[in-house]
Structure formats: C-alpha cells, structure tokens
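Remarks on the overall topology
Listed below, chain by chain, are the residues.
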Amino acid sequence: MNVSFADGYPYLLIGETSLADLNQRLAEPVPMNRFRPNIVFSGGAANQEESWADLLIGKTTFRGIKPCGRCILTTTDQQTGLRHEGGEPLKTLTSYRKQGNKVLFGMNLIVLEEGIVRVGDELMPLL
C-alpha cells in the first residue's frame, strides 16, 4: 500500500469526541483538518483512541503504535496557511494533554492485515 505525505506513520486516527472536547476549551473552535488525520470516527469517549492496541475498521486490522505528538502545525489554518498568533489550539492542548515533553492528540496506526476501509465502516477495538 502506498501512502503519500505521511509524517511518521501511515495512518492517524482521531475521534470526533476528542475534537469536541478540545473545542469546548477553546474560544474559537478548530476543524478536524488542523490535525490532518486520515481516519476519523464518531462515538466513544474523548481521547480513548490513544488506549487502543489493535482495532478493526471494516475488514482491515490496524495496530495503534503510539499517541501522536503534536507540533506547531496545528496552529496553522489549513485553508489560508495563516498561523494563529495565540498559538491555539496547541496552547490549550498543552494545558491538559502534555505528557513529558510531548503534547498528544490522536493515535498513530499501522496496518496488520490489509483490506478496504470505506466511509461508514464500523470501528471495533480488539482485545
């Protein structure tokens, strides 16, 4: 499988609930594209994706490698290319999502068993 423009891992998973939790803390909400995930899911608790080891989406099995350490790119509007002068949303994420020297948001994944993932496929964490 070929993946272009990947940072450290080919897949980044973020839950809509995680973004909603962040946006409740911000004066101006940000869209999901600030974080550039290629898999977004609905339901569940905020940031719970960071605790999953393996998961099944449709018929494709993924492994959660590690939570995604965020950088200053999250402060850049993906439509305009302008950076937020106050450092948001990274500043707010730092206040409650910092572990060690990293600010975490989302889960980096790799594929264990290839398959096709489609919009609307069920996501199931595996034990």
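Cut-off values and rules
Residues numbered from 1 in each chain as written. Predicted model: local features only at pLDDT ≥ 70, side-chain atom pairs only at ≥ 80, totals over all residues. Heavy atoms only, no water. Phe/Tyr/Trp six-rings, centres within 6.5 Å; stacked < 30°, edge-to-face > 60°. Helix = DSSP H or I, 4+ residues; strand = E, 2+ residues; numbered from the N terminus. Buried < 20%, exposed > 50% of the residue type's maximum accessible area, 1.4 Å probe, protein only. Lys NZ or Arg CZ within 6 Å of the ring centre and 35° of its normal. Salt bridge = Lys/Arg side-chain N within 4 Å of Asp/Glu carboxyl O. Core = buried A, V, L, I, M, F, W, Y, C linked by side-chain atoms within 4.5 Å. Contact = heavy atoms within 4.5 Å.

A word on the packing of aromatic side chains. Using the criterion set out here, one finds 3 aromatic pairs in the structure. Between Tyr11 and Phe62, the aromatic rings sit 5.3 Å apart at their centres with planes inclined by 80 degrees, giving edge-to-face as the arrangement. Taken as a pair, Tyr11 in strand S1 (residues 11-15) and Phe62 in strand S4 (residues 60-69) lie far apart in primary sequence, 51 residues in all. You can call Tyr11 buried: its relative accessible area is 12%. Look at Phe62 and you get buried, because its relative accessible area is 2%. Centre to centre, the rings of Phe41 and Trp52 are 5.3 Å apart; their planes meet at 45 degrees, and the pair counts as tilted. A residue pair is termed long-range when its members are at least 10 positions apart, and Phe41 in strand S2 (residues 39-41) and Trp52 in the loop between S2 and strand S3 (54-57) qualify at 11 residues. The aromatic ring of Tyr96 is capped on one face by Arg25, whose charged end is 3.6 Å from the ring centroid.

All chains considered together, the criterion is met by 3 salt bridges. As a salt-bridge pair, Arg25 and Asp21 come within 3.2 Å of each other at their nearest N and O atoms. Of the two residues, Arg25 and Asp21 both sit in helix H1 (residues 16-25), 4 residues apart, roughly one turn of that helix. Judged by relative accessible area, which is 44%, Arg25 ranks as partly exposed.

Counting residues in each nonpolar core, the largest one holds 13 residues, and the members touching the most others are Ile14, Leu19, Leu22, Val30, Phe35, Leu93 and Phe105. Of all elements in the fold, only S1, H1, helix H2 (90-97) and strand S6 (102-113) reach the threshold of two or more residues within this core. Ignoring sequence-local partners within four residues, the contact set of Phe35 consists of Leu12, Ile14, Leu19, Leu22, Val30, Arg70, Thr74, Pro89, Leu93 and Phe105. Of all hydrophobic cores here, the second largest spans 11 residues; its members include Tyr11, Ile57, Met107 and Leu109.

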